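# Structure at a glance
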Amino acid sequence: MQTLTENKEQLIEYYRQMVLIRLFEERAAQLYTQAHIGGYCHLNVGEEATVVGTLSALGPEDIVFTYYREHGHAIALGSDPAAVMAELCGKQTGLSKGRGGSMHLFDLENRLYGGYGIVGGHLPLAVGAALAIQYRNEKRVVMCLFGEGATNIGAFHEALNLAKVYHLPVLFVCVNNQYAMGSTIKEDSAVPEVWMKACAYDIPAERVDGMDLFAVREASERLVREVRETGEPRFLEADTYRFRGHSMADAGRYRTQDEVRQWQERDPIQTVVRRLEEDGILDPDLRKRLDSAAEEEVERATRFALESPHPDTGHLSDYLYTEDEETTIAN
Amino acid sequence: MQTLTENKEQLIEYYRQMVLIRLFEERAAQLYTQAHIGGYCHLNVGEEATVVGTLSALGPEDIVFTYYREHGHAIALGSDPAAVMAELCGKQTGLSKGRGGSMHLFDLENRLYGGYGIVGGHLPLAVGAALAIQYRNEKRVVMCLFGEGATNIGAFHEALNLAKVYHLPVLFVCVNNQYAMGSTIKEDSAVPEVWMKACAYDIPAERVDGMDLFAVREASERLVREVRETGEPRFLEADTYRFRGHSMADAGRYRTQDEVRQWQERDPIQTVVRRLEEDGILDPDLRKRLDSAAEEEVERATRFALESPHPDTGHLSDYLYTEDEETTIAN
Amino acid sequence: MPTKTYREALNEALREEMHRDPDVFIIGQDVGKFEGAYRVTQGLLAEFGPRRVKDAPISETAITGAGVGAAMLGLRPVVEFMTINFTLVAIDQIVNNAAKIRYMFGGQVSVPMVIRTPGGGGQQLTAQHSQNLEHWYAHVPGLKVVAPSMPADAKGLLKSAIRDNDPVFFLENLALYNTKGDVPDGDYAIPFGKADIKREGTDISLIAHSRSVTLALQAAARLQEDGVSAEVVDIRSLRPLDTETIVASVQKTNRAMTIEEGWPTFGVGSEIVALLMDQAFDYLDAPVKRVGGKEVPMPYAKPLERAAMPSVDDIVNCAREVLA
Amino acid sequence: MPTKTYREALNEALREEMHRDPDVFIIGQDVGKFEGAYRVTQGLLAEFGPRRVKDAPISETAITGAGVGAAMLGLRPVVEFMTINFTLVAIDQIVNNAAKIRYMFGGQVSVPMVIRTPGGGGQQLTAQHSQNLEHWYAHVPGLKVVAPSMPADAKGLLKSAIRDNDPVFFLENLALYNTKGDVPDGDYAIPFGKADIKREGTDISLIAHSRSVTLALQAAARLQEDGVSAEVVDIRSLRPLDTETIVASVQKTNRAMTIEEGWPTFGVGSEIVALLMDQAFDYLDAPVKRVGGKEVPMPYAKPLERAAMPSVDDIVNCAREVLA
Ligand SMILES: Cc1ncc(C[n+]2csc(CCOP(=O)(O)OP(=O)(O)O)c2C)c(N)n1
Ligand SMILES: Cc1ncc(C[n+]2csc(CCOP(=O)(O)OP(=O)(O)O)c2C)c(N)n1
Ligand SMILES: [Mg+2]
Ligand SMILES: [Mg+2]
């Protein structure tokens, strides 16, 4: 067990974020069953350590490309949970102005460069962003997150190769939650140890326990630093588990209750609590205060989302082309 | 230097094929400059050991998917050089009835399942053919050939992974002729040792000197046997060099005369000659006879090609749909 | 005749064809254990086992290409894409291999495969998951493209698709899976290249395919209230196109409009209009109009999505213009 | 005005824009050392170095996506595809990312990139290398699509494409690269969305884009011999489409036909016909007809290829039918 190098405030902040994400997601699930949220809705429940552990390692100029399972990613990067929830509810006040929904969160200010819906399709974008960073001789890092199922698609192969050939500052993070919908990595990948696939691109790679915030955090921080210093790509696999279905529509018949229970015993939030309590950083009282603050935050977000207006259908064509926008502004 | 296990006739047959391919290609180049051949025309000159060494290892039921640089492949598989040349000239008597041209040779009888023009796009087809073989519980092997440039495209990644995940009898053969048009594998691939890329698919892989017929032949035979016995994929890289341009249109400014000369000193045909002469299998007299037989063969092929008629434009739509064909036959 | 959902009709066609022909097999992501992203393959793994129902990795290019390769050796693969949107990562295999192999190799080999996938919007699945691109495939010689709107057609056309000796792009629609209709039992196959008059009428032809047919039928019912007799022509087969039935309908009604879920510019309706221009010009009492989706990526917010999709109102209003 | 080839005009536009804007860079296979598969980027590596002229592996998906990602950070990538046929392996990046990113993220980011590539047949490059799919891109809201037919347009439109703040699909044509024409020196940019009358006439409008414009001009000359005055409308911009100029031409001539190299079914001409149906119906003295390639994968044999492509004869004959 490595010693915690972060200061108390930081550690508490991680806890706060993880709880916030958990509560946010559970509330989103509720809103989904109440039909305030529609379409696909993929939750981060169970994966909070991979979310907070990776993204907290980034500097203020670094940028993130991620996939459709990204509510937590937005929150961890600093997006207002209210704007996230509003997006999930398709409101004009949402992070993507109600156009993107759950799968397509974008927050320029917090350098969240989008959640994407075509599996693996965003990896090339991350490589391009890193290319722009190199082109301008900047020291920023691009973090690109994706599921283990994405490592089987061609775009993964091409993107990793290009990142290495061009020497680009990307940290590829594979969030291995054991399932791609109903399929396991063992069934789908010739090399089920995902991090080992990086051998084909000569990218240094490692695996970390994705249920352990501190392990994820340590590895991410180190790798982000390496990427920044060398300007070269790195690869991190974080093993975790989604406690809920693939999306809200999933009956989950492809896995046993037993398996789910076993993973739930390693709940990443409980692990953090235990550790922080042991280290005297968290006590039941502080925890209660933090938890109810998070609850209130989610409450506020929900209220904001529900009360916000839908986009006006008169603005259906807004944002299609940049020129139109300018025209609109000029008028 | 391994001992030659083949009998004399076989060894002489390899030589015959290599010479035939060399002369055929040189004649094709001539016909191209005389405008009897058009479009893209990619020659195997310099790569004859990879062609004959791999394909001679196949059994009579095994099948081959290959790429656009495949005149030699057709010839080595037993296609009539006259039908190959006729195809290059766009004649109705051509291997693909004048519809395919240089890049798209197909010979059902000799189990050549096509030359394809989209780089890497035929690898999935080979996997599917192997799937059919497995489905029917047959013991056939699929050989799939491609250039080293193809290993950078997504289809390569997906095809290798699927072949391994499904346990399919494919021998992937990468003909590494050092260039993909003007680009080298060092510039284009994070892992320039192509065979090592198979690590990401847990496919046993090896590299062989593609200028040495006997080495290619030994490795191919062994790997074909392994594929047949295990029903699992294997990967072979054969290093070689194309003595001519990428296609007939290539000025070749991206490489030096010196480099070309150095490789030409290792001409695969000369190597075979030296070895067979040392072993007393070939003598100048026999060689002369073989060479002029090959010359005649090419002469015959050329004459046949030039004298054959073009397809009748009234048959432009033939072969589009299977039903049409049947209708035509029924009438 | 038993009443079944569109989904059940598809499932039945698959099951029956798999019983009929041992060379038919299914391949796709989560078609087996998961029973299909939209449950079309429900029960098939249990019934036929993993040799005939093959779960595959997220590798659409490899899956599709493997289908083509297996078909070249005489099997009859049915490749499932979770949605039509994902065909874009494999379109090269469909267009450059499946469609061209027979022709470019001089007829030496056929590619008897089916690509099944749902298109369409209305589920709040947003920009990358709500497209209608079937006419791209219908543009390509060498392919056949069908798009059933009703459960019976779904069964009958899927059976024909599986028995066809050439590659077939078989378009389903997310919003149709739960719709119900009578479905003939047993060996019911509908030949390709036949449009179907889903409702007879005399005043105007509403020409549509896939889910738009159901909108057209609703619009026709509304128009009836105004005393307008609208004929609903279900294109059903986009390639080959049944020009005869479509033209005959318009020769009778003298007025027409097209309805499609997708973007109209360079869309399905454009081809139908061009066809009518060519073969029914002298019969037209008014210009043929097109109704389709609004020309934006599909937005998420429900009111925007609704506004982006063609509605029964849109159709009725457009019909009135054509009739004016 | 200096006379230049289409290729030189493109090269000049690239060079000038790279001088003007340090954020413009080129990425593609063999664009650098090899100087471009069709030499459009000749000399640029030498002039601008490898930072601005980036050779890339055979990884069209990664290359295109990298262009999109770099554009999202404000650079202006010009992505070269060796031919339009290879865009199929990257079409997901173009359609699902480049075209949609601005809209689906609520306008927070733009994608100022250009995708350049030649289409077309006639070089005996056969089925997988001779396609015309530009209208697939023109179907997609969020993209802009232009297709110059002449060297001056090539220069002027490429400059506008590079300066545009949204993704532009820029179609070149293999058979045009060596064609010559006057090309204005220096800062010559042509706005998008403007069709161009390449030849004025009064009897019939020949509506075409890319290389078909040159065929249309030859046909117009032939028709002139018969005393027919044909107007040649170069569509030039497929999205946005200049409906005004096209409709105005037909309102004047009262007769029209479309010409395209690609397959007409679900093709470019269909959209033009549908437009004229909608906006020029009352002006039409005869149905608008379409001429295009024959509906087969492009065959290799020269006589077959010639028969598969639209010819000046085809156009003249079709025009006579329209005029009959
Ligand atoms: C190219 C493509 N194919 C299929 C899908 C449908 N799909 C959405 S999510 C998913 C599973 C992805 O699994 P993984 O990458 O492990 O991420 P997870 O959802 O487990 O977080 C699939 C198959 C898609 N979106 N894109
Ligand atoms: C997807 C795709 N991209 C680009 C091309 C153009 N192209 C044809 S051959 C070639 C080089 C291929 O090199 P390699 O795989 O090493 O085979 P070689 O030609 O050297 O035998 C390229 C880039 C293509 N045909 N397909
Ligand atoms: Mg997963
Ligand atoms: Mg090579």
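As the structure is a prediction and not an experimental result, all values here were calculated from the model. (Residues numbered from 1 in each chain as written. Chains lettered and ligands numbered in written order. Predicted model: local features only at pLDDT ≥ 70, side-chain atom pairs only at ≥ 80, totals over all residues. Heavy atoms only, no water.)

### What to know about the site of ligand 1
- The full set close to ligand 1 counts 22 residues, and A:Tyr68, A:Arg69, A:Gly117, A:Tyr179 and C:Glu60 are the nearest of them.
- Mapping the residues near ligand 1 onto chains gives chains A and C.
- Side-chain polar atom of A:Tyr68 to an oxygen atom of ligand 1: 2.7 Å apart, as the coordinates give it.
- Within the side chain of C:Glu60, one N or O atom sits 2.5 Å away from a nitrogen atom of ligand 1.
- Its residues assigned to classes, the shell around ligand 1 shows 12 nonpolar, 7 polar and 3 charged. (Near = heavy atom within 4 Å. Polar contact = N/O pair within 3.5 Å; in protein donor to acceptor, adjacent residues only side chain to side chain. Nonpolar A, V, L, I, M, F, W, Y, C, P; charged D, E, K, R; others polar.)

### Concerning the coordination of the magnesium ion (ligand 3)
- In this structure, A:Glu148 (OE), A:Glu148 (OE), A:Asn177 (OD1) and A:Tyr179 (O) serve as the protein donors to the magnesium ion (ligand 3), at separations of 2.0 to 2.7 Å.
- Note that the magnesium ion (ligand 3) binds 6 donor atoms; their angles at the metal cover 52 to 170°, and the shape is irregular. (Donors = N, O, S within 2.8 Å, 3.2 Å for Na, K, Ca; no water. Tetrahedral: all angles 85-135°; square planar, octahedral: opposite > 155°, others 65-115°.)

### Observations concerning the state of the cysteines
- Going through the model one piece at a time under the given rule, you end up with 1 disulfide over all chains.
- Summary of cysteine pairing: A:Cys174 is not part of a disulfide, and the nearest cysteine sulfur, belonging to A:Cys144, is at 10 Å. (Disulfide = S-S within 2.5 Å.)

### Description of the packing of helix 3 (residues 60–72) of chain D against helix 4 (residues 91–98) of chain D
All names here are of chain D.
- Relative orientation of the contacting elements helix 3 and helix 4 amounts to 25°, with a least axis distance of 8 Å. With respect to helix 4, the element helix 3 is oriented roughly parallel. Crossing geometry of helix 3 relative to helix 4 is assigned as right-handed. Between helix 3 and helix 4, the contacting residues are Thr 61, Thr 64, Gly 65 and Val 68 on the first element and Gln 93, Ile 94, Asn 97 and Ala 98 on the second. (Axes fitted to C-alpha atoms, helices over the stretch in contact; angles between N-to-C directions. Helix = DSSP H or I, 4+ residues; strand = E, 2+ residues; numbered from the N terminus. Parallel < 35°, antiparallel > 145°, perpendicular 65-115°, else oblique. Left-handed = near helix turned anticlockwise from the far one by under 90°. Contact = heavy atoms within 4.5 Å.)

### Structural notes on the coordination of the magnesium ion (ligand 4)
Residue and element names in this part refer to chain B.
- Here the magnesium ion (ligand 4) is held by Glu 148 (OE), Glu 148 (OE), Asn 177 (OD1) and Tyr 179 (O), and the distances to it run 2.0 to 2.7 Å.
- The coordination sphere of the magnesium ion (ligand 4) comprises 6 donor atoms, whose angles at the metal cover 51 to 171°; the geometry is irregular.
- Here the donor residues for the magnesium ion (ligand 4) map to a single chain with the spacing E-x28-N-x1-Y. Taken together, the residues span a long stretch of sequence, with Glu 148 in the loop between strand 3 (142–147) and helix 6 (154–165) and Asn 177 in the loop between strand 4 (170–176) and strand 5 (179–180) at a distance of 29 residues.

### Here's the deal with the confidence of the model for chain C
- Chain-level statistics for chain C give a pLDDT mean of 98 and a share of 100% at 70 or above.
- Both confidence scores are given for the complex: pTM 0.98, ipTM 0.98. (pLDDT = per-residue confidence, 0-100.)

### A few points about the site of ligand 2
- Taken together, the neighbourhood of ligand 2 is formed by 22 residues, with B:Tyr68, B:Arg69, B:Glu148, B:Tyr179 and D:Glu60 sitting nearest.
- Backbone polar atom of B:Gly117 to a nitrogen atom of ligand 2: 2.8 Å apart, as the coordinates give it.
- Note that an oxygen atom of ligand 2 is positioned 3.2 Å from one of the backbone N or O atoms of B:Ala150.
- Look at ligand 2: alone it shows 580 Å² of surface, and the protein chains cover 97% of it. (Areas by Shrake-Rupley, 256 points an atom, 1.4 Å probe, with all protein chains shown as cover.)

### Looking at the pairing of strand 2 (residues 24–28) of chain D
All names here are of chain D.
- Of all 5 residues that make up strand 2, 5 are buried, and the element is covered over most of its length.
- Every second residue of strand 2 is oriented toward a common face, with Val 24, Ile 26 and Gly 28 on one face and Phe 25 and Ile 27 on the other, all of them buried.
- Sheet topology places strand 2 next to strand 4 (residues 76–80); 5 bridges connect them, and they run parallel. Note on strand 4: the bridge partner recorded for Val 24 is Arg 76.
- Judged from the 3 bridges that link them, strand 2 and strand 3 (residues 53–55) form a sheet pairing that is parallel. (Buried < 20%, exposed > 50% of the residue type's maximum accessible area, 1.4 Å probe, protein only. Pairing = 2+ DSSP bridges.)

### Some details on the relation of the copies chain C and chain D
- Taken as rigid bodies, chain C and chain D are interconverted by a rotation of 180° and an axial shift of 0.0 Å, the fit giving an RMSD of 0.0 Å. Accordingly, the operation relating the two chain copies is best matched by a two-fold axis.
- A share of 100% of interface residues in chain C that are also interface residues in chain D marks the association as one of identical surfaces. (Least-squares fit on C-alpha atoms with pLDDT ≥ 70 in both.)

### Looking at the interface of chain C and chain D
- The partner chain D presents 50 residues to the 49 residues of chain C that form the contact.
- For the chain C and chain D pair, buried surface summed over both sides reaches about 4700 Å², with 68% attributable to carbon and sulfur atoms.
- The largest per-residue losses of area from chain C upon contact with chain D belong to C:Trp136, C:His139 and C:Phe266, which jointly make up 18% of the total buried on that side.
- Our count for the contact surface shared by chain C and chain D stands at 6 salt bridges.
- A salt bridge links C:Arg239 to D:Glu295; the nearest nitrogen and oxygen atoms lie 2.7 Å apart.
- Along the contact surface separating chain C from chain D lie 24 residue pairs in polar contact (both at pLDDT 80 or more).
- Considering every element that reaches the side of chain C that touches chain D, the biggest residue donor is helix 10 (residues 268–280) of chain C, with 8 residues. (Buried area = accessible area lost by both parts, 1.4 Å probe. Salt bridge = Lys/Arg side-chain N within 4 Å of Asp/Glu carboxyl O.)

### A few points about the sheet that holds strand 1 (residues 63–67) of chain B
Residue and element names in this part refer to chain B.
- Within the open sheet, the 6 strands sit side by side as 2-1-3-4-8-7. Their pairing is parallel. Strand pairing shows two members of the sheet lacking a second neighbour, strand 2 (112–116) and strand 7 (205–209), which therefore form its edges. Averaged over neighbouring strand pairs, the angle between their axes works out to 15° when direction is ignored.
- Alignment of strand 1 against strand 3, held across 3 bridges, turns out to be parallel. Its bridge partner being in strand 3, Val 64 is matched across the sheet by Met 143.
- The strands that helix 5 (residues 123–135) touches are strand 1, strand 2, strand 3 and strand 4; relative to strand 3, the one it contacts most, it runs at about 175°.

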